[in-house]
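# Coordinates in review
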Amino acid sequence: MDSMLSRAAARLVAGRWIAGTRADDALKDAKAFNSRGIKAILNNLGEAYRSKAKIDSTVSNYMYLINSISGMRLSASLSVKPSQLGLLVSEKELERNYLKITRAAKKNGIFVWLDMEEHDTVDSTIELYRRSIKYGNTGICIQSYLRRSMDDEKRIVGDGGIIRLVKGAYTEPRDIAFQSRAEVTKHYSSMMDYLFGHASAFMIATHDMNMISKAMRLEKRSKKRAMLGMLKGIMNREAVRLAGSGEDMNIYVPFGPDWVAYSYRRLTEAGHTSLILRSLMKRQSIDA
Ligand SMILES: Cc1cc2nc3c(=O)[nH]c(=O)nc-3n(C[C@H](O)[C@H](O)[C@H](O)COP(=O)(O)OP(=O)(O)OC[C@H]3O[C@@H](n4cnc5c(N)ncnc54)[C@H](O)[C@@H]3O)c2cc1C
């Protein structure tokens, strides 16, 4: 019963967080965000695929997005999940698909992010990423809730990689991940300091206004410009404001029929009913 209720709640709120079921829905959102000075990060929803048909159709969708972004002259990048490109089949299958997308994107001047998933995929995701840094159009998500992440960050920055810093969206064990919001945020803050001190390009991806304000202070002090990132439907109005004030604002726009896992994570984060209700009551426009 509980899971039926959560599924119903997820379906209700999913419309706010997800562009729609088709790639064209995401392209339409990207165009609307671009008109407000915001770049889009497009993600085809779906994860933990073992079926070759699902993996191949995901790769085709990303190839379609690359051609469309280029044809429509949109300011948009892609963000792909290792487990939707074949990680659970074999690392070889993943690498083949990821490189196919990355090379096609590079030909069209499009940037490709690697999403980060559960902790047991971190090593293979980082190794795959390190092999792709030479292409020059790739970045990787790193999660501050993982105790190991500062070391990973230093290694990736040392290799010339580009990091998108997030807090982390999965439920992870205590020995591997910080559990309290305060610890996760403290680690996020230190990892942000390191990026401003040592990296030339990186994204501060959060809706935590304290962290965003800190990033803006560090931008002034360091004369470096960070990319800022948010998820569609959480703080669109704030994103529009930040873009208007000259920040390099990016919004993650997911689409596709496999919306359940993503929506559960957003529901869990919204945490308490008042946030969910506020989310539901706001208009579903890019200004909401
Ligand atoms: C561009 C981008 C890419 C991401 N990519 C990944 C990835 O690849 N892997 C990964 O594990 N995670 C990813 N995430 C998700 C991230 O890890 C967090 O789960 C998510 O951003 C919430 O954390 P927060 O930093 O906003 O801070 P929090 O402390 O969780 O939230 C700060 C404030 O934001 C608001 N808020 C946050 N979430 C919600 C919500 N669902 N509904 C309503 N209000 C909300 C609340 O006001 C809250 O107080 C990504 C996030 C962004 C912005």
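Structural data are supplied above this passage.
The notes below deal with the structure included here. Remember, predicted model here, so these are calculated numbers, not experimental data.

## Describing the site of the ligand
- By nearness alone, 25 residues border the ligand, and G168, R181, T206, H207 and E269 come closest of all.
- At a separation of 2.7 Å, an oxygen atom of the ligand approaches a polar backbone atom of G168.
- R266 is positioned such that a nitrogen or oxygen atom in its backbone is 2.9 Å from a nitrogen atom of the ligand.
- Protein coverage of the free-state accessible area of the ligand, which is 930 Å², stands at 89%.
- At the level of elements, β4 (138–143), β5 (163–166), β7 (227–231) and α10 (260–270) are the ones that each hand at least two residues to the shell around the ligand.
- For the shell around the ligand, the class distribution of residues is 13 nonpolar, five polar and seven charged.

## Thoughts on the side chain of K232
- Its place among the elements puts K232 in the loop between β7 and α9 (236–244).
- Its relative accessible area of 10% is what places K232 among the buried residues.
- Not counting residues up to four positions away in its chain, the partners in contact with K232 are R16, W17, I18, A19, D29, F33, I251, Y252, V253 and P254.

## Looking at the pattern of salt bridges
- Applying the stated criterion across every chain yields a total of 20 salt bridges.
- Between R265 and E47 there is a salt bridge; the shortest N-O distance is 3.0 Å. Of the two residues, R265 is situated in helix α10 and E47 in the loop between β1 (39–44) and α3 (52–71); the sequence distance between them amounts to 218 residues.
- Overall, the relative accessible area of 11% leaves R265 in the buried class.
- A salt bridge links D258 to K54, with the nearest nitrogen and oxygen atoms 3.1 Å apart. Residue D258 is located in the loop between β8 (248–255) and α10, and its partner K54 is located in helix α3; the two are separated by 204 residues in the primary sequence.
- Salt bridges sharing partners connect three or more residues here, namely K52, D56, E93 and R96.

## Looking at the environment of E127
- Along the chain, E127 falls in helix α5 (residues 122–132).
- A residue is classified by how much of its surface remains accessible, and E127, at 33% relative accessible area, is partly exposed.
- It is 9.9 Å that separates the C-alpha atoms of E127 and I156, two residues lying 29 residues apart in sequence.

## Regarding helix α6 (residues 149–158)
- Residues of α6 that are buried: S149, M150, D152, E153, I156 and V157. Across the axial projection of α6, the buried residues extend over an arc of 155 degrees, all falling on one side. In α6, the exposed positions that point more than 90 degrees away from the buried face belong to D151 and G158.
- In this fold, the buried residues of α6 make contact with α5, β4, β5 and α7 (181–198).

Parameters at a glance
- Residues numbered from 1 in each chain as written.
- Predicted model: local features only at pLDDT ≥ 70, side-chain atom pairs only at ≥ 80, totals over all residues.
- Heavy atoms only, no water.
- Near = heavy atom within 4 Å.
- Polar contact = N/O pair within 3.5 Å; in protein donor to acceptor, adjacent residues only side chain to side chain.
- Areas by Shrake-Rupley, 256 points an atom, 1.4 Å probe, with all protein chains shown as cover.
- Helix = DSSP H or I, 4+ residues; strand = E, 2+ residues; numbered from the N terminus.
- Nonpolar A, V, L, I, M, F, W, Y, C, P; charged D, E, K, R; others polar.
- Buried < 20%, exposed > 50% of the residue type's maximum accessible area, 1.4 Å probe, protein only.
- Contact = heavy atoms within 4.5 Å.
- Salt bridge = Lys/Arg side-chain N within 4 Å of Asp/Glu carboxyl O.
- Arc of directions from axis to C-beta.

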